[in-house]
Amino acid sequence: MKKSVVIIGGGVAGMSAAHELIERDFDVKIYERQPYYVGGKARSVDVPNSAKPGYLPLPGEHGFRFFPGFYRHITNTMSRIPLKDQPGKYVADNLVVCSKSIQAQEGHKPVVVPAHAPHNLAELKVSLQGYVNTHDQLSAKEQELMFNKIWQICTSCYDRRMSEYERMSWWDFTEAEGKSDAYQQLFVIGLTRTLVAAQATEISAKTAGDILVQLFQLLTSQKGHADQLLNGPTNEAWLFPWRDYLLSKNVKYNHDHTAVSIDFDKKTNKITGVNFRVGTTGEIVRATGDYYLFAVPVERMYPLVKDNEDLLAAAPVIQQLGPLAKSTRWMTGLQYYLSEEIPLLDQTPGHVIYFDTPWAITTVSQLQFWPHFDIKKHGNGKVRSILSVDISDWDALGQHIKKAAKDCTKEEIKDEVWYQLSLSLNVKGEQILKPQSEILVNWYLDRDIEYMPRPKPEKDKPAFETFNEEPLLVNRVNTWGMRPSASTGVPNFYLSGDYCQCFTDCATMEGANETARRAVNAILLHSKSSFPPCEIWNLHESSDLKIFRYIDRKRFFRGEPWKNQAPWMYKLMNGVMNFLDWIFHIRG
């Protein structure tokens, strides 16, 4: 008889777990609080009230989806999701490589650079020009410090990263205090704003450093690519085909179900059921199964367990969820629907990083990646470009409105973001981004940003409070030990989500998928299943630097600090290679 698994949460973690379980002959039921959409924070939506008669709704994104080249777990799953209307094709075939990126900064002309290692002399010149334009603001000492810090991360052993760098912030590791604004913005803060809703003073050097190593390897390798985007709105290109595949394999999807409590039997040391509130009626229903896999974010998981003393005692790994649930920040999407293309943005296939915007803005011009999406059939037929924005700092003061994003109305957020973009793009007399009045057809701020009137007026505060229904986990300094494993100690109780311990160690779709695989493997082990476990990959690091990490590991276990040194054999081999290069150059 098949074993049954109740999955609480239908986001990337829950769907990933269902995918692996259903292919291993388990009976799977998903309970998801969203009434219609799947994929959690990854989903896109139809923009409410955006369609004129005879047209389809405009596509809205929670935040544009991008897939860095070091992702392996989520892209492996995508390679196993068939596209029904394209026989022999899979969702992974909907990924498009970003070939370039734009670096924008107030007072400096935007610079277009390849998003990969240069393939020829022309690309090398462009990369060098981007480097010169960006780094001529740094002193020689700061440039040297920047490269030394990159080298230190790349050549530090894993034990040192976990023991030392997990206990210090990225800000402290990079020695940012007292350095120039350019060093802080371009290198220290610029890295974290491209990753997650993290601040350099909060995120651990271990987490930021690990991701930096991955990105640095991709940008210097002829084989890799820095990142990819989907070739259409997230639902159509990925999540709906995924949902359809799971349903075709008899996964039972229960929408509009919000978990409210867990039944735990102290005598048997097992969960006996989970109770859900059905959104349409308010009715409480109970789900039962052999195993229970909770794939909800930490800020939703904690309220489910915080008052269940017996469960907390039986599963010590969840006892630190309280402080971990507070370790979140906001990162939310805003889309502008424009009546004309913006030449620089619409003709450069990649991301735009705005290094010094107070609200930590990044953008993508979506339609250049959506070749088969007919935008003329959406909205009112006048949209020709979609500028998708991620806002990652909701606490910093704006440049025009002089308020934090959390204290702004939706209209104010729309105007302030446009103002910040204009300052970074319209420089040296060139107008790349026109005024809203000339090109803005419509706009949409993700619906997870909600407003509630304050019960009582408060001095120097707006008349409303702002909430984010789906914040992101931040890997703050020394929080690894708070994060639970997939197994809890209760034999039928398992966890997945990007807050759980995993190799990816970052709030990402990749981390959600990896932890789902870990939970499934634990269930397979307990159930004595004959099916093979899910594949799990560690982060890849260049073997060229393995000897440096080996030497540092020896130093670490002797209690010695990291030291910038090269072994004599490496120096000898490097000298030989330089000599051979010189010989071939002379002969050429």
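See the structure shown above.
It should be emphasised that the depicted structure is a prediction, and the values quoted were computed from it without experimental measurement.

Undergrad: When you look at the overall build of the protein in this model, what are you seeing that I'm missing?
TA: A tally of regular secondary structure across the protein gives 18 helices and 24 strands. Counting the 588 residues in the protein, one finds 54% classified as buried. Put simply, 67% of the contacts in the protein that link residues at least 6 apart link residues at least 24 apart. Counting every atom, the protein has about 26,300 Å² of accessible surface; 53% of that belongs to carbon and sulfur.

Undergrad: Can you help me understand the sheet that holds strand β12 (residues 270–278) in this one?
TA: Hydrogen bonding along the main chain pairs the strands of a sheet, whether they run parallel or antiparallel. One open sheet holds the three strands; their spatial order is β11-β12-β13, and the pairing between them is antiparallel. With partners counted over all chains shown, the strands left at the sheet margins are β11 (257–265) and β13 (284–287), one partner each. Strand after strand, the sheet turns through a mean of 30° between neighbouring axes, direction not considered. Here β11 runs beside β12; their pairing, made up of eight bridges, is antiparallel. Residue pairing across strands places T258 opposite R277, the latter belonging to β12.

Undergrad: Teacher, can you tell me more about the nonpolar core here?
TA: Note that soluble globular proteins tend to have their nonpolar side chains buried in a common cluster. Grouped together as the largest cluster of nonpolar side chains are 68 residues, with contacts concentrated most on I7, V28, F67, W238, W242 and L293. Counting residues per element, this core draws most heavily on helix α16 (residues 509–527), at eight residues. Membership of the second largest hydrophobic core comes to 31 residues, among which are A259, I262, M301 and A507.

Undergrad: How should the packing of aromatic side chains be read in this particular structure?
TA: The relative placement of two aromatic rings is captured by the distance of their centres and the angle of their planes. What the rule picks out here adds up to 19 aromatic pairs. Seen from their ring centres, F64 and F66 are 6.3 Å apart, and the 50° between their planes marks the pair as tilted. With a centroid separation of 5.9 Å and 65° between ring planes, the pair formed by W170 and F187 is classed as edge-to-face. In this pair, W170 sits in helix α6 (residues 170–173) while F187 sits in helix α7 (residues 181–193), placing the two residues 17 residues apart along the sequence. Its relative accessible area of 0% is what places W170 among the buried residues.

Undergrad: How should the sheet that holds strand β9 (residues 227–230) be read in this particular structure?
TA: Judged by pairing direction, the sheet is antiparallel, and its three strands sit side by side in the order β5-β9-β6 without closing on themselves. Every other strand in the sheet has two partners, leaving β5 (66–68) and β6 (95–97) as the edge strands with one partner each. For this sheet, the mean inter-axis angle between neighbouring strands, taken without regard to orientation, is 35°. Where β6 and β9 come together, three bridges link them in antiparallel fashion. Residue V97 lies in a different strand from β9, and its bridge partner there is Q228.

Undergrad: Help me out: how do you make sense of the packing of helix α4 (residues 140–155) against helix α17 (residues 546–557) in this one?
TA: Relative orientation of the contacting elements α4 and α17 amounts to 80°, with a least axis distance of 8 Å. Judged by the angle between their axes, α4 and α17 are roughly perpendicular. Contacts between α4 and α17 involve W151, C154 and T155 from the former and F548, R549 and D552 from the latter. Grouping the amino acids of the contact of α4 with α17 by side-chain chemistry returns three nonpolar, one polar and two charged.

Undergrad: I would appreciate a short explanation of the pattern of salt bridges in the present structure.
TA: Close approach of charged atoms allows side chains of opposite charge to pair. Summed over all chains, the structure comprises 39 salt bridges. One network of salt bridges, with partners in common, ties together R33, R43, R300, D446, D448, E469 and E470.

Undergrad: I keep staring at the side chain of E416 and nothing clicks. Help me out?
TA: As for its placement among the helices and strands, E416 is situated in helix α14 (residues 410–425). Although buried, E416 forms no salt bridge, and the nearest oppositely charged side chain, K402, lies 7.6 Å from it. Within the local environment of E416, its side chain forms a polar contact with the side chain of Q420, the two groups lying 2.8 Å apart. Beyond its immediate stretch of four places on either side in the chain, E416 contacts W359, G398, Q399, H400 and I401.

Undergrad: Just to check I follow, could you spell out the environment of T515 for this structure?
TA: Tracing the backbone through its elements, the reader meets T515 in helix α16. Take T515: its relative accessible area is 1%, and that puts it in the buried class. Counting along the chain gives 11 residues from T515 to T504, while the straight-line C-alpha distance between them is 9.1 Å. With sequence-adjacent residues up to four places away left out, T515 is seen in contact with A486, L495, S496, G497, D498, C500, Q501 and C502.

Undergrad: I keep staring at the packing of helix α1 (residues 12–22) against α16 and nothing clicks. Help me out?
TA: Relative to each other, α1 and α16 sit at 40°, their axes nearing to 8 Å. On the basis of the axis angle, α1 is oblique to α16. Of the two elements, α1 crosses α16, and the hand of that crossing is right-handed. Together, V12, A13, S16, A17, E20 and L21 of α1 and M509, A512, N513, A516, R517 and V520 of α16 make up the contact between the two elements. In the contact of α1 with α16, the residues fall into eight nonpolar, two polar and two charged.

Undergrad: In this structure, what is going on with the pairing of strand β7 (residues 100–105)? I would like to understand it.
TA: Looking along a regular strand, one sees the side chains alternate between the two faces of the sheet. Two elements, β7 and strand β8 (residues 108–114), share five bridges in a ladder whose sense is antiparallel. Bridge pairing links S101 to V113 in β8. Linking two consecutive strands that pair antiparallel, namely β7 and β8, is a turn of two residues; a positive phi of about 85° is found at G107 within it.

Undergrad: I'm lost on the side chain of D227 in this one. Help?
TA: Looking at where D227 falls in the secondary structure, it is placed in strand β9. In this structure the side chain of D227 is engaged in a polar contact, spanning 2.8 Å, whose partner is the side chain of H351. Apart from the residues lying within four places of it in its own chain, the contact partners of D227 are F66, F67, P68, G69, V96, V97, C98 and H351.

Criteria and cut-off values
- Residues numbered from 1 in each chain as written.
- Predicted model: local features only at pLDDT ≥ 70, side-chain atom pairs only at ≥ 80, totals over all residues.
- Heavy atoms only, no water.
- Helix = DSSP H or I, 4+ residues; strand = E, 2+ residues; numbered from the N terminus.
- Buried < 20%, exposed > 50% of the residue type's maximum accessible area, 1.4 Å probe, protein only.
- Contact = heavy atoms within 4.5 Å.
- Areas by Shrake-Rupley, 256 points an atom, 1.4 Å probe, with all protein chains shown as cover.
- Pairing = 2+ DSSP bridges.
- Axes fitted to C-alpha atoms, helices over the stretch in contact; angles between N-to-C directions.
- Core = buried A, V, L, I, M, F, W, Y, C linked by side-chain atoms within 4.5 Å.
- Phe/Tyr/Trp six-rings, centres within 6.5 Å; stacked < 30°, edge-to-face > 60°.
- Parallel < 35°, antiparallel > 145°, perpendicular 65-115°, else oblique.
- Nonpolar A, V, L, I, M, F, W, Y, C, P; charged D, E, K, R; others polar.
- Salt bridge = Lys/Arg side-chain N within 4 Å of Asp/Glu carboxyl O.
- Lys, Arg positive; Asp, Glu negative; His and termini not counted.
- Polar contact = N/O pair within 3.5 Å; in protein donor to acceptor, adjacent residues only side chain to side chain.
- Left-handed = near helix turned anticlockwise from the far one by under 90°.

In short, geometric facts, not functional conclusions.
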